[in-house]
Amino acid sequence: MNKSDETIKTYEKTIEINPNDSDAWYNKGVALGKLGKFNEAMKAYDKAIEINPRDSDAWKNKGFALSYLNKLYEAREAYNKAIEINPQYSDALDGKGLALNHLNKHEDAIKDYDKAIEINPQDSYAWDNKGKALSSLGKLDEAIIAYDEAIEINPQNSIAWYNKGNALYKLKKYDESVKAYDKAIEINPQYSEAWNNK
């Protein structure tokens, strides 16, 4: 039995003793999500929410699990509930933006990324995700600015370097795009997409 399985067993034992322990249900969901068991994780989050409907973390993580299951409209609603409970929840705004971006609602996604960034200007992933939405709209110069913000906050964000490389490539700035891909590869040598685009 690996550590993750042991962790889940611990939460199950806690739930057996106290079935109304919303934290145990939530933590079981987190552990299942880390294993990629998103259907099971979602059920655990649902139970945590049933016990404590004001648990914004459970709503946010339910949105995350639903996103991985490609249930994007449902994910958006779960993120909305988390934001309704906690309007300053930047991770939920970022997650909602991702769901919207995958639904090709890029302008709406950018609004959520901007709110997340306003709450937490140091959120490298919100900046990167904003760049992806801008890029999807063909606003490549603005996308590069967002990627640069992400990189300034976290120079080890290989995804932002990769996305910047893509935007530079689309602008026919090939030498600069190769440098960005090289940086992504330097950070993450297993980044196959960066190797492929280089």
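Criteria and cut-off values
- Residues numbered from 1 in each chain as written.
- Predicted model: local features only at pLDDT ≥ 70, side-chain atom pairs only at ≥ 80, totals over all residues.
- Heavy atoms only, no water.
- Helix = DSSP H or I, 4+ residues; strand = E, 2+ residues; numbered from the N terminus.
- Buried < 20%, exposed > 50% of the residue type's maximum accessible area, 1.4 Å probe, protein only.
- Areas by Shrake-Rupley, 256 points an atom, 1.4 Å probe, with all protein chains shown as cover.
- Lys, Arg positive; Asp, Glu negative; His and termini not counted.
- Charge placed at Lys NZ, Arg CZ, Asp CG, Glu CD.
- Contact = heavy atoms within 4.5 Å.
- Expected span 1.5 Å × (residues − 1).
- Polar contact = N/O pair within 3.5 Å; in protein donor to acceptor, adjacent residues only side chain to side chain.

Peer 1: I tried to follow the overall build of the protein chain on my own but got confused; where do I start?
Peer 2: Looking only at helices and strands, the protein chain has 12 helices and zero strands in total. If you line up the protein chain on its principal axes, its C-alpha atoms span 60 × 40 × 25 Å. Looking at the protein chain as a whole, 45% of its 198 residues qualify as buried. Working note: accessible area of the protein chain is about 10700 Å², and carbon and sulfur atoms make up 47% of it. One way to put it: in the protein chain the 28 positive side-chain charges average out to a point 3 Å from where the 33 negative ones average out.

Peer 1: Can you walk me through the side chain of histidine 106 in this structure?
Peer 2: Following the sequence through the fold, histidine 106 ends up in helix H7 (residues 106–119). Among residues more than four places away in sequence, those in contact with histidine 106 are Asn101, Ala133, Ser136 and Leu137.

Peer 1: Looking at this model, I keep getting lost on helix H2 (residues 22–34). Mind explaining?
Peer 2: For an α-helix, the turn length of 3.6 residues means that residues three or four places apart are oriented alike. Under the 1.5 Å per step criterion, the end-to-end length of H2 is 19 Å for 13 residues, consistent within 8% with the ideal 18 Å. When H2 is considered as a whole, its buried residues turn out to be Ser22, Ala24, Trp25, Tyr26, Lys28, Gly29, Ala31, Leu32 and Gly33. Those residues of H2 hidden inside the fold are in contact with helix H1 (3–17), helix H3 (38–51) and helix H4 (56–68). Capping of H2 at its N-terminal end is provided by aspartate 21; its side-chain oxygen lies 3.1 Å from the backbone amide nitrogen of aspartate 23. Backbone geometry just downstream of H2 places glycine 36 in the positive-phi region, at approximately 80 degrees.

Peer 1: Explanation requested: the environment of alanine 78 in the structure shown.
Peer 2: Along the chain, alanine 78 turns up in helix H5 (residues 72–85). Exposure remark for alanine 78: the relative accessible area of 2% places this residue in the buried category. For the pair alanine 78 and lysine 60, spaced 18 residues apart in the sequence, the C-alpha separation amounts to 6.3 Å. Leave out the neighbours within four places in its chain, and alanine 78 touches Trp59, Lys62, Gly63 and Leu66.

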